[in-house]
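Here are the chains, one letter per residue:
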Amino acid sequence: MMNLGGPATLDEVEPFLLRLFADKEIIQLPWQDVLGKFIATRRAPKVRKLYDAIGGGSPILTWTKAQGDAMCARLDEMSPDTAPHKFYVSFRYTAPFADDALKAMKADGITRAVAFTQYPQWSCSTTGSSLNDLWRALDRTGLQDAFTWSIIDRWGEHEGFVRSMASAIDDGLDQYADHERDDVLVLFSAHSLPLKVIDRGDAYPAEIAASVSRVVQAAELRNPYMLSFQSEVGPVRWLGPSTETMIKQLAARGQKNVLVVPIAFTSDHIETLSEIDIEYGELAHSLGMTGFKRAPSLNARTEFLDALADIVNGHLESGQPHSTQYKQNCPGCTNAACRGLPSKMTTQGTRDVSVESAASR
Ligand SMILES: C=CC1=C(C)c2cc3[nH]c(cc4nc(cc5[nH]c(cc1n2)c(C)c5CCC(=O)O)C(CCC(=O)O)=C4C)c(C)c3C=C
Ligand SMILES: [Fe+2]
Ligand SMILES: [Fe+2]
């Protein structure tokens, strides 16, 4: 289960930021080694305070473990012939890292592995970076031939994910009085990306829009809705419209009730608990937006746990080594590591594992 990760303690904030701003696959900065370090160390005290205010660290590992446990229990029932199923966490910028996951898998005698991104929608800077690092970690640990791989690289239109988002929106709307409910504007908010990434041809904006469209249909939403992007950091230009700007503009035209729906995250962490709930919440209230609320994160929502298991089971049944989109490298990509494959990939899925050599690396 691959994700960005987050600092579990306040002491881990600075190392986490240093690793993140050093990664050229998530953000490209001029003189990255120097500027990345500068931004990370300068940002750390502020970000430490933010994590302090949400309980002293990120809950992303706790949620990922709860999701993994529930997913594997369901998979053991759904697919006894591939049981027992085990999950391992591979975070990009905090422990457990890809190397930790691979070593633990080897120690447990695992031979068949599914690299399952926890970002529903693809971006080269998130799932792409995690996968590139996973393949590098195979080399670092000398475990190139230990596992036969397949990849779940995107699932933003999966029916179970879409239905869990729709039911989270229902719960979000239930927070309003009956007479207010029709007046609520549903503001889908996704993590933004540097425009440079978009200009290379990254699939993220289209995949986010597809998720929003499917969720709106599944929720049979009668409320007006829109999509904006949050969490811009660093001195580069970011994809808009920005969630913060939209809140200001909606408040200026008298919109009182806004329900924010985080569409690109599967659990609570700093972007939901701090940025939306505290930072945007205070902004909205200061501007007279009395009904500013957020739909609950998916966390351990039963429909979502079912969805995670269904995504993996469907993947195993499909026999596909990865999505048809996976090999579609961004036309503007100059990173030789992108869209590589490990040396052992399935051609037929778990139920009939035959192995082919890496098509490219
Ligand atoms: C520096 C560039 C960043 C890009 C590009 C980016 C994209 C991106 N991130 C997520 C998901 C998460 N990001 C989280 C925190 C976080 N992200 C960045 C930077 C970029 N993200 C920073 C510096 C931080 C740390 C907090 C801060 O300093 O503001 C997290 C949460 C971590 C946690 O608390 O557990 C997640 C999750 C996505 C989906 C995405 C683009 C598609
Ligand atoms: Fe981020
Ligand atoms: Fe790339």
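Heads up: the structure comes first, above all this text.
This text gives an overview of the structure that appears in the document.

Thresholds applied
- Residues numbered from 1 in each chain as written.
- Chains lettered and ligands numbered in written order.
- Predicted model: local features only at pLDDT ≥ 70, side-chain atom pairs only at ≥ 80, totals over all residues.
- Helix = DSSP H or I, 4+ residues; strand = E, 2+ residues; numbered from the N terminus.
- Rg over C-alpha atoms; globule rule 2.2 N^0.38 Å.
- Contact = placed C-beta atoms within 7 Å.
- Buried ≥ 20, exposed ≤ 12 C-beta atoms within 10 Å, placed from the backbone.
- Pairing = 2+ DSSP bridges.
- Right-handed = clockwise from strand over helix to strand, strands pointing away.
- Axes fitted to C-alpha atoms, helices over the stretch in contact; angles between N-to-C directions.
- Parallel < 35°, antiparallel > 145°, perpendicular 65-115°, else oblique.
- Left-handed = near helix turned anticlockwise from the far one by under 90°.
- Nonpolar A, V, L, I, M, F, W, Y, C, P; charged D, E, K, R; others polar.
- Core = buried A, V, L, I, M, F, W, Y, C linked by C-beta atoms within 7 Å.

**A short note on the overall build of the protein chain**
Here is step 1: Helices and strands together make up the secondary structure of the protein chain, namely twelve helices and ten strands.
Here is step 2: The C-alpha radius of gyration computed for the protein chain amounts to 20 Å, which stays within 12% of the reference 21 Å derived for 361 residues, consistent with globular compactness.
Here is step 3: Restricting to contacts in the protein chain with at least 6 residues of sequence separation, those with at least 24 account for 79%.

**A word on the pairing of strand β7 (residues 257-262)**
Here is step 1: With respect to burial, β7 is a largely interior element, six of its six residues being buried.
Here is step 2: Residues of β7 alternate between two faces, with Asn257, Leu259 and Val261 on one and Val258, Val260 and Pro262 on the opposite face, all of them buried.
Here is step 3: Two strands pair when backbone bridges link them, and strand β5 (residues 185-191) and β7 are joined in this way by five bridges, in the parallel orientation. Bridge pairing links Val186 to Leu259 in β7.
Here is step 4: Note that β7 and strand β8 (residues 291-294) share four bridges and pair parallel. Note on β8: the bridge partner recorded for Val258 is Phe292.
Here is step 5: Read as a crossover between parallel neighbours, the route from β7 over helix α11 (residues 270-286) to β8 is right-handed.

**What about the packing of helix α10 (residues 243-252) against α11?**
Here is step 1: The interhelical angle for the contact between α10 and α11, taken along N-to-C directions, is 20°, at an axis separation of 10 Å. Our classification of the angle between α10 and α11 gives roughly parallel. The handedness of the crossing between α10 and α11 comes out as right-handed. Packed against α10, whose contacting residues are Thr243, Glu244, Ile247 and Ala251, the element α11 presents Tyr280, Leu283 and Ala284 at the interface.
Here is step 2: A per-class count over the contact of α10 with α11 returns five nonpolar, one polar and one charged.

**Remarks on the nonpolar core**
As a rule of thumb, nonpolar side chains are buried together in soluble globular proteins.
Here is step 1: With 90 residues, the main nonpolar core has Ala115, Ile169, Val258, Leu259, Val261 and Val312 as its most contacted residues.
Here is step 2: With eight residues, helix α12 (residues 302-318) is the single largest residue contributor to this core.
Here is step 3: The residues contacting Val312, other than those within four sequence positions of it, are Met71, Leu75, Val114, Phe116 and Ile152.

**Brief notes about unusual backbone geometry**
Here is step 1: In the segment running from Ala83 into Pro84, the intervening peptide bond is cis, with an omega of -5°.
Here is step 2: By secondary structure assignment, the location of Pro84 is in the loop between α3 (60-78) and β2 (90-91).
Here is step 3: Following Ala95, the chain continues to Pro96 via a peptide bond in cis, the omega torsion being 0°.
Here is step 4: Along the polypeptide, Pro96 turns up in the loop between β2 and α4 (98-107).
Here is step 5: In this structure, Trp31 is a non-glycine residue whose phi angle is positive, near 45°.
Here is step 6: Tracing the sequence through the fold places Trp31 in the loop between α1 (13-22) and α2 (32-53).

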